[in-house]
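# Topology and contacts: notes
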Amino acid sequence: MNQHLIAIDLDGTTLNNQSKLSRFTIETLRKLDELGHIVMIVTGRPYRNSINIYNEMNINSPMVNFNGAYCHHPRKPHFLPAYHEELDKEIAFELFANQDDLDINLLIAEGKERLFTSSMNLPDSPFFPKDLAEISQLSRANLTQNPTALTILCDVEKQKTIEDRIMSRYGDDVSVRTWGGVLPILEVVRQGINKSVAVNKVSEFYHIPNENILAFGDENNDLEMIKYAGLGVAMKNATDEIKGVADTQTEFTNDEDGLAHFLTNYFSL
């Protein structure tokens, strides 16, 4: 068997429009895992709200969070390709101080285990924890270590302006991407970090050639990963930019098990 690395985005790709896994998708991914392929979640989500999805899949593979800033293996604490790229916490404090001027509705500094937020009034969303014990007010007293990423909620029509202003001030230090599907989010990570960085590192560790790398995505934070893979696959519901760089696209949307149908046909399951 030629081992493949299958890099899968979550929201808008692997998950349906209710942010859930279908039974068909779970069975397909488990089968590929059992066959010896590397099925790797590569998501903008933090670890805290993607590990449950990983466990539901019941696979034995690495996972990538924060758009490539955190690469690890949930079942192997000493996984050699693991890395964790952080942001300078001073950027979080400066953005917090200028939140109103930037038209930011909510600013969150994401740690590996908890988050630090400019407001305790979080949206009702699977992206955020229900347990208040996992949440702290964003302040110098509370945020004492560098965060992995900054999550910004704002009006959709203001995203580009906010991104441009952040890049004009911190462009040498950060990258900005969007993710979130039904709840669009701006995410700020360390400069040079994107999903393809993790895909490259893991594929080299497993000695998987580029032609055996498949990557699936739907939003612009998947761009580098889709371009890097030997076969970059855009979801039918993907943005035009992703479809423009992909090698092919799924016949069905994420809400129609498009990923599972494509993989079933590709690997003749």
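Let me begin by describing the structure that accompanies this report. (Residues numbered from 1 in each chain as written. Predicted model: local features only at pLDDT ≥ 70, side-chain atom pairs only at ≥ 80, totals over all residues. Heavy atoms only, no water.)

## Describing a nonpolar patch on the surface
There is a patch of nonpolar side chains on the surface, built from Met1, Leu35 and Leu269 and spanning about 300 Å² of accessible area. Positionally, Leu35 belongs in the loop between α2 (23-34) and β2 (38-42). (Patch = residues over 30% accessible without salt bridge, like charges linked within 9 Å, V, L, I, M, F, W, Y side chains within 5 Å. Areas by Shrake-Rupley, 256 points an atom, 1.4 Å probe, with all protein chains shown as cover. Salt bridge = Lys/Arg side-chain N within 4 Å of Asp/Glu carboxyl O. Helix = DSSP H or I, 4+ residues; strand = E, 2+ residues; numbered from the N terminus.)

## Examining the environment of Gly244
Checked against the element boundaries, Gly244 lands in helix α8 (residues 240-245). Sequence separation between Gly244 and Tyr47 is 197 residues, and the spatial gap between their C-alpha atoms is 30 Å.

## Things to note about the sheet that holds strand β5 (residues 83-84)
To summarise the sheet geometry, strands pair through backbone hydrogen bonds and adopt either a parallel or an antiparallel arrangement. Pairing is mixed in the open sheet, where eight strands are placed in the order β5-β4-β3-β2-β1-β12-β13-β14. Where the open sheet ends on each side, the last strands, each with one partner, are β5 and β14 (248-249). When strand β1 (residues 5-8) meets β2, the two strands line up parallel, connected through four bridges. Opposite Ile8, over in β2, you have Ile41 as the bridge partner. Across the sheet, helix α9 (residues 258-266) lies against β1, β12 (213-217), β13 (231-234) and β14, angled at about 160° from β12, the strand it touches most. (Pairing = 2+ DSSP bridges. Contact = heavy atoms within 4.5 Å. Axes fitted to C-alpha atoms, helices over the stretch in contact; angles between N-to-C directions.)

## Side note on unusual backbone geometry
We note that Ser19 has phi near 60°; this positive angle belongs to a residue other than glycine. The residue Ser19 is located in the loop between α1 (10-14) and α2 in this model. In the Ramachandran plot, Phe66 falls in the positive-phi region, its phi being about 55° despite a non-glycine side chain. Along the chain, Phe66 turns up in the loop between β3 (63-65) and β4 (70-72).

## Overview of helix α6 (residues 195-205)
Of the residues making up α6, those classed as buried are Lys195, Ser196, Ala198, Val199, Val202 and Ser203. Each buried residue of α6 sits inside an arc of 160° when the element is viewed along its axis, so together they form one side. Looking one or two places after α6, you find His207, whose phi comes out positive at around 55°. (Buried < 20%, exposed > 50% of the residue type's maximum accessible area, 1.4 Å probe, protein only. Arc of directions from axis to C-beta.)

## A word on the pairing of strand β9 (residues 149-153)
In terms of burial, β9 is a largely internal element, five of the five residues being buried. Here β9 shows no split at all, with Ala149, Thr151 and Leu153 on one side and Leu150 and Ile152 on the other all buried.

## Overview of the nonpolar core
Formed by 49 residues in total, the largest nonpolar core has its most connected members in Leu5, Ile6, Ile8, Met57, Val199, Phe216 and Leu263. For this core, the leading source of residues is β2, giving five residues. For Leu5, the contacting residues outside a window of four places in its chain are Ile38, Met40, Val199, Val202, Ser203, Ile208, Asn212, Ile213 and Leu214. The next biggest cluster of nonpolar side chains, apart from the first, holds 22 residues, and it includes Cys154, Ile162, Ile166 and Val174. (Core = buried A, V, L, I, M, F, W, Y, C linked by side-chain atoms within 4.5 Å.)

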